[in-house]
Amino acid sequence: MELKGRKSLLEQLKRPVKAGRAAHAMIFAGPSGSGRHSAALWMAQGFNCLEAPEKRPCGKCPECRRMLSGSANELIEIEPDGESARSIKIETARALIERISIRPEGRVKCVIIREADKMTIDAQDALLKTFEEPPPYVAFFLITERPTALLPTVRSRCVTLRFAPLKTDEVRSYLIRQQNLLPDEAERLAHLSGGCIGKALLWISDARLNQWHDKICEVFKDFAAPKDVARAGAALGAIAPKPAQKAAFASFLSAMLELSAGELLRQKPKTQLAGILLQNGLDAEKLLSAIMEFNRLRAANINIQYAVDALLYGMVM
Ligand SMILES: [Zn+2]
């Protein structure tokens, strides 16, 4: 596995991997798609890799392959669960403490906590002692967009690494070099991604981006008033009909609108969509708050069509 575009960060992660274990629990803070989860997996492989220290992780030995396939007992992933996936509760924290008390077959048991800021205060309290003094064979990775939402007592027991978005140019050249995108397409995606390669890769994996872009612009051509919401909602829903595409499509739609909103606020519409929205007399501030609500609903795993309709209403009400 490679850490896309993250050479300097990689240097910091290499030291503990060579040494064979992490000093502390680590917080990987940064926007979604900025490589936090890949970095945690990379370290989990590195800690357990069978190769010589300077070659870890090799990505090829049985331990590395087990980590990648997700079948390793040494890799525990925790994320918000329950119906609305809103929180990580104390029961989950207690079960985790129980699980890590068993020694691993490999060298280091790695616990990745996704959306760690969604741990309840009780759950964080229950884990405090463990973060402070984990068993010697355990490494924690707390992944979060909002590190300040974690208890200060948790933060003070962890080493925080920030995954800042990359420069647009860096993303663009990565997409051309590693993904063989044409310069125009790479340029557009790099802008939309806001410097988060993971987002661009999510969109590319669907390989229908240019169609998505053009169809979204088409839908908004006749979108100016509340009476247009139902038609536009159905048209957007039909662009990516398969359940597996919905999340990627929603993130792409959000990115296109966010970029347009920024351009409208600065009164410099450059993208096609911004031009269309301006022509239809949509208000930039309204647009921005509708997008924020859309992103909040997406993060809370609300049905995507519902979130899209709410977005559209917010834009014109
Ligand atoms: Zn290996």
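Residues numbered from 1 in each chain as written. Predicted model: local features only at pLDDT ≥ 70, side-chain atom pairs only at ≥ 80, totals over all residues.

Student: How would you sum up the overall build of the protein? Please name residues and give values.
Tutor: Each helix and strand in the protein was counted, giving 15 helices and five strands. Compactness check: the protein gives a C-alpha radius of gyration of 22 Å against a globular reference of 20 Å for 317 residues, within 12% of the reference. Partitioning the contacts of the protein with sequence separation of at least 6, the portion at a separation of at least 24 is 71%. (Helix = DSSP H or I, 4+ residues; strand = E, 2+ residues; numbered from the N terminus. Rg over C-alpha atoms; globule rule 2.2 N^0.38 Å. Contact = placed C-beta atoms within 7 Å.)

Student: Residues and numbers for the packing of helix α9 (residues 197-204) against helix α12 (residues 243-265), please.
Tutor: Axis separation between α9 and α12 bottoms out at 9 Å; the angle between their running directions is 125 degrees. Put simply, α9 runs oblique to α12. Between α9 and α12 lies a crossing whose hand is left-handed. Contact residues: Lys199, Leu202 and Trp203 in α9; Ala248, Ser251, Phe252 and Ala255 in α12. Residues belonging to the contact of α9 with α12 are distributed by class as follows: five nonpolar, one polar and one charged. (Axes fitted to C-alpha atoms, helices over the stretch in contact; angles between N-to-C directions. Parallel < 35°, antiparallel > 145°, perpendicular 65-115°, else oblique. Left-handed = near helix turned anticlockwise from the far one by under 90°. Nonpolar A, V, L, I, M, F, W, Y, C, P; charged D, E, K, R; others polar.)

Student: Kindly report on the nonpolar core, identifying the contributing residues and their values.
Tutor: Counting 46 residues, the largest nonpolar core has Leu253, Met256, Leu277, Leu287 and Leu311 as the members making the most contacts within it. Residue contacts for leucine 311: discarding those within four places in its chain leaves Ala290, Ile291 and Phe294. (Core = buried A, V, L, I, M, F, W, Y, C linked by C-beta atoms within 7 Å. Buried ≥ 20, exposed ≤ 12 C-beta atoms within 10 Å, placed from the backbone.)

Student: Break down the domain arrangement of the protein for me, with residues and values.
Tutor: The domain architecture assigned to the protein consists of domain 1 (7-162) and domain 2 (206-316). Computed over C-alpha atoms only, the centres of domain 1 and domain 2 are separated by 35 Å. (Domains from an automatic or database assignment.)

Student: Run through helix α7 (residues 168-179), naming residues and quoting values.
Tutor: Taking 1.5 Å as the rise per residue, α7 with twelve residues should run 16 Å; its terminal C-alpha atoms sit 15 Å apart, in good agreement. Three or more residues of α7 are buried, namely Val171, Arg172 and Leu175. Along α7, the residues classed as buried sweep out an arc of 100 degrees about the axis, all on the same side. Counted as exposed and oriented over 90 degrees from the buried face of α7: Asp169 and Arg177. Looking at the packing, one finds that the buried side of α7 touches α8 (183-193) and α9. (Expected span 1.5 Å × (residues − 1). Arc of directions from axis to C-beta.)

Student: I'd like a description of the pairing of strand β3 (residues 109-113), backed by residues and values.
Tutor: A regular strand places its side chains so that they alternate between the two faces of the sheet. Most of β3 sits out of view: five of its five residues are buried. Residues of β3 alternate between two faces, with Lys109, Val111 and Ile113 on one and Cys110 and Ile112 on the opposite face, all of them buried. Strand direction decides the pairing type here: strand β2 (residues 75-78) and β3, joined by four bridges, are parallel. Counterpart to leucine 75 in the pairing with β3 is cysteine 110. Here β3 runs beside strand β4 (residues 138-144); their pairing, made up of five bridges, is parallel. Pairing of valine 111 across the sheet is with phenylalanine 140, part of β4. (Pairing = 2+ DSSP bridges.)

Student: Account for the sheet that holds strand β1 (residues 25-29), with residues named and values stated.
Tutor: Taken in spatial order, the five strands make up an open sheet running β2-β3-β4-β1-β5, and their pairing is parallel. Of all strands in the sheet, those with a lone pairing partner are β2 and β5 (158-162), marking the two edges. Averaged over all pairs of adjacent strands, the angle between strand axes in this sheet comes to 20 degrees, irrespective of strand direction. Contacts from helix α4 (residues 90-100) reach β2, β3 and β4 within the one sheet, and its direction differs from that of β2 by about 175 degrees.

Student: Pulling in residues and values, what's your account of the environment of glycine 198?
Tutor: Inspection of the secondary structure puts glycine 198 in helix α9. The exposure class of glycine 198 is partly exposed, given the 19 C-beta atoms found within 10 Å. C-alpha separation for the pair glycine 198 and isoleucine 112, spaced 86 residues apart in sequence, amounts to 18 Å.

Student: Describe in detail the packing of α8 against α9, supporting the description with residues and values.
Tutor: For any two helices packed against each other, one specifies the crossing angle of their axes together with the interaxial distance. Where α8 contacts α9, the axes come no closer than 8 Å and their chain directions differ by 125 degrees. Here α9 runs oblique to α8, going by the angle between their axes. The two elements α8 and α9 cross, and the hand of that crossing is right-handed. Between α8 and α9, the contacting residues are Leu189, Ala190 and Ser193 on the first element and Ile197, Lys199, Ala200 and Trp203 on the second.

Student: Can you lay out α12 for me, pointing to particular residues and giving the numbers?
Tutor: With 23 residues, α12 ought to run about 33 Å at 1.5 Å a step, and its terminal C-alpha atoms sit 33 Å apart, in line with that. Remark: glutamine 267 follows α12 within two positions and exhibits a positive phi of approximately 55 degrees.

Student: A description of unusual backbone geometry should follow, citing residues and the corresponding values.
Tutor: For residues besides glycine, phi is generally negative; the peptide bonds are generally trans as well. The linkage connecting arginine 56 with the following residue, proline 57, adopts the cis geometry, with an omega of -15 degrees. Relative to the helices and strands, proline 57 resides in the loop between α2 (36-48) and α3 (62-69). Backbone geometry at glutamate 115 places phi at a positive 50 degrees, although glycine is not the residue there. Note on placement: glutamate 115 falls in the loop between β3 and α5 (121-132). Judged by C-beta crowding, with 21 C-beta atoms within 10 Å, glutamate 115 ranks as buried. Unlike most non-glycine residues, asparagine 180 shows phi in positive territory, near 55 degrees. Secondary-structure assignment places asparagine 180 in the loop between α7 and α8.

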